[in-house]
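Residues per chain, in single letters:
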Amino acid sequence: MQMFRPLIFAFCLLAPSFFPSKAEATVPNQVPQYYRQWINEDVPYIISEDEKKEFLRLKTDDERDKFIEAFWETRNPDPHSVINTYKEEHYRRLAYVKQTFGDARYNDGWRSDMGRVYITLGPPKQTAKYHIGINTRPVEIWFYQAVSPALPPYFNLVFYKRGDSDPYTLYSPREDGPNRIVTNDAGGTSPAAALKVIQASMGAEAAHAMVTLFPGEHANLKDPQPSLDSDFLLAAVRNLPDQKLEKERIRALRMARMEKVTSSIFTGGNQPVMDAALLRDGAGRLTLHFLLKNQHTDARLIGILPDKQTGYSLSLQTRVSTESGKAIYQQQDTLQGVVSPTAATSARERLFAAEGRLPVVAGKYVVEATLTNNLTREGSRTTKTLTVPPVRMSEIGISDLVAYSAPSPVADPAGQMPFSMSMLRFTPRGVQHVEIHAGERLPIVYQLWFPLSDIKRPEPSSPKSVHVHYIIGSVVGGHRDPLEEDEDVQVKNLDPAGNLLTGRTIDTSKLTEGTYRLVAKVTEADSPRSASATLDVKVVSPDAAITMWTAFGAEASHAEWQEDVQRGVAAEAVGNLIAAEACYRRALIIKPSDPDISQRLDALKRHLTAQNPNAH
């Protein structure tokens, strides 16, 4: 143990008491409860003193939000993953200790010695429980293997109850000693005699742990002389975030993350253009499906992958913020695939577009998308402000028009792919803007949104229908007579939210080169209700390169519960707290044991109660 001692000697001098009650950080009362809970209850055992001081110096909620985001991202073991496994594991531990340790009436399991160790080190590799012994107090021994370079390779931690109604307390071989474990020590039982009682009740391994917390260290049970090494270990566990080696580990993670971000060379020669379509799912939830389209072909997108196959590998990082710049959420998608030699040749000669989806509620957002070619480390960054209008549930509505291309729609039962509508996934060709060759037919698809009262379908003998009028005319007025088409769409097979999927192939054979606007207006007979959507169409010469291939991230990275959480965060950011609460509740139904969702919902409920004490 001599190699271990110098690493933590200083901390032992500073902290002779191993696990005293954790003093709460001094946060001004005007700081919202969410941030006070975060620093005092969520992360007190994993945040360093330097980080804590930095957080306490912050003046605005925006600064605190950015600090918290950076805190978790710094510790994210996989910066390319949408899910931060470190953060998820931490909140799982926090939820576990609140349920398992301490007094359930006060939700204070995180304050207990067992709770603190579990939060800091995680579940032990093995446990030995001696709750009922002969002349001994209840004892538990937790065996750990190193979770940090600041700790030894393996060690025990011992907990014991001083009284039947007391919580388990962390045991120190020097400060407590074997006499604290036996119940008949009032007559001055010696440590050796106490160890004899412990060995008879619990066994030799337990008696050994009362002398030293290191399983491989020699312990003389007949003449016990506990060394300082066990105390050094306890101090190291207590001060783990401030241990030199642990701080170096966190710093290395931060530097690795910065290296991955800054190693990309950002070029402006092929700046992508972002367009988005607002669509609804079967539960009425809103999602922005976006297309990030390169303006020029780039043959270097196809190359040799690490496994020596031919394909593509891109990273799409999307940050969503409020108009004022407050961070809402970010997500990371990996776009990769293997292609045949023939497909590789074709892709190098076509434009490329990345697809993505952003769960939202009504509001105004700033979206920053960073697209990086992992084969060349070159990237580009695009920023766009997107407005999501409120959907009026008492009126008919229409989504954005999406121009799509072959292949035909494919089934998407989960509805988690970009440009999915009514469990069908369409390959987008253009959103808000599309380019076509002269004479080319233009297939479009969109949703009609009906009030919930319209979900009750009429009798089959007299089906209800709406009229859709299509008109396409020149933006610059070069054509006197626009092209017009009409159709009647039967209102049937509405999904539970009142959505109806429909579309049309527009005949553009009479259009010459130029820029046009397609308008689709839907009206109801004998009703003033109507809605319209537009799509800009640019007709180009036959030799212009406009054909496109697209790619999107894994479907599994957009789980329904996670998107509900993102909508909840977005709703909080734009001030719609009622919508945020509904989103978190939906997410919790799907993932009832997720501690992060519960924490968000509890904090929001407290905030709502503070605003309106009679509401909850």
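Just so we're clear, the structure is a prediction, and the values are computed from it rather than from any experiment.

Undergrad: For the packing of aromatic side chains, give the residues involved together with the corresponding values.
TA: Tallied over the full model, the rule gives 20 aromatic pairs. Considering the side-chain rings of phenylalanine 71 and tryptophan 72, the 5.1 Å spacing of their centres and the 80 degrees angle between planes classify their relative orientation as edge-to-face. The same class applies to phenylalanine 71 and to tryptophan 72, which are both buried. These aromatic residues form a ring-pair network of at least three members: Trp38, Phe55, Phe67, Phe71, Trp72, Tyr86 and Tyr91. Above the face of the tyrosine 35 ring, arginine 64 is positioned so that its terminal group lies 5.8 Å from the ring centre. Positioned above the aromatic ring of phenylalanine 71 is the side chain of arginine 75, whose terminal nitrogen or guanidinium carbon lies 3.8 Å from the ring centre.

Undergrad: Could you give me a rundown of the packing of helix α5 (residues 85–100) against helix α6 (residues 113–121), with the residues and numbers involved?
TA: The axes of two packed helices give the description: the angle between them and the distance between them. Running from N to C, α5 and α6 cross one another at 165 degrees; their axes reach a closest spacing of 9 Å. One finds that α5 runs roughly antiparallel with respect to α6. Relative to α6, α5 is oriented so that their crossing is right-handed. Along the contact surface, α5 presents His90, Arg92, Arg93, Leu94, Tyr96 and Val97, while α6 presents Gly115, Tyr118, Ile119, Thr120 and Leu121. Looking at the contact of α5 with α6, its residues break down into six nonpolar, three polar and two charged.

Undergrad: Tell me about helix α2 (residues 33–42), and please be specific about residues and values.
TA: Buried residues dominate α2, accounting for seven of its 10 residues. Taken as a whole, α2 has its buried residues at Tyr35, Gln37, Trp38, Ile39, Asn40, Glu41 and Asp42.

Undergrad: Any details on the side chain of threonine 136? Residues and values, ideally.
TA: Assignment of secondary structure puts threonine 136 in the loop between β1 (126–130) and β2 (139–145). Side-chain polar atoms of threonine 136 contact the side chain of serine 201, separated by 3.2 Å. Residues in contact with threonine 136, not counting those within four places in the same chain, are Ile181, Val182, Thr183, Val197, Ile198, Ser201 and Met202.

Undergrad: Go over the packing of α2 against helix α4 (residues 61–74) with me, naming the residues and quoting the values.
TA: Axis separation between α2 and α4 bottoms out at 11 Å; the angle between their running directions is 35 degrees. Pair α2 / α4 crosses with left-handed handedness. Contacts from Tyr34, Tyr35 and Trp38 of α2 reach α4 at Asp61, Arg64, Asp65, Phe67, Ile68, Phe71 and Trp72. Taken together, the residues of the contact of α2 with α4 sort by class into seven nonpolar, no polar and three charged.

Undergrad: Lay out the pairing of β2 with the relevant residues and their values.
TA: Within β2, five of the seven residues are buried, which leaves the element mostly enclosed by the surrounding structure. For β1 and β2, the ladder comprises five bridges, and the chain directions are antiparallel. When the bridges of β2 are listed, threonine 127 appears paired with tryptophan 142. Here β2 pairs with strand β3 (residues 154–161) via seven bridges, running antiparallel. Paired with glutamine 145 across the two strands is tyrosine 154, which belongs to β3.

Criteria and thresholds
- Residues numbered from 1 in each chain as written.
- Predicted model: local features only at pLDDT ≥ 70, side-chain atom pairs only at ≥ 80, totals over all residues.
- Heavy atoms only, no water.
- Phe/Tyr/Trp six-rings, centres within 6.5 Å; stacked < 30°, edge-to-face > 60°.
- Buried < 20%, exposed > 50% of the residue type's maximum accessible area, 1.4 Å probe, protein only.
- Lys NZ or Arg CZ within 6 Å of the ring centre and 35° of its normal.
- Axes fitted to C-alpha atoms, helices over the stretch in contact; angles between N-to-C directions.
- Helix = DSSP H or I, 4+ residues; strand = E, 2+ residues; numbered from the N terminus.
- Parallel < 35°, antiparallel > 145°, perpendicular 65-115°, else oblique.
- Left-handed = near helix turned anticlockwise from the far one by under 90°.
- Contact = heavy atoms within 4.5 Å.
- Nonpolar A, V, L, I, M, F, W, Y, C, P; charged D, E, K, R; others polar.
- Polar contact = N/O pair within 3.5 Å; in protein donor to acceptor, adjacent residues only side chain to side chain.
- Pairing = 2+ DSSP bridges.

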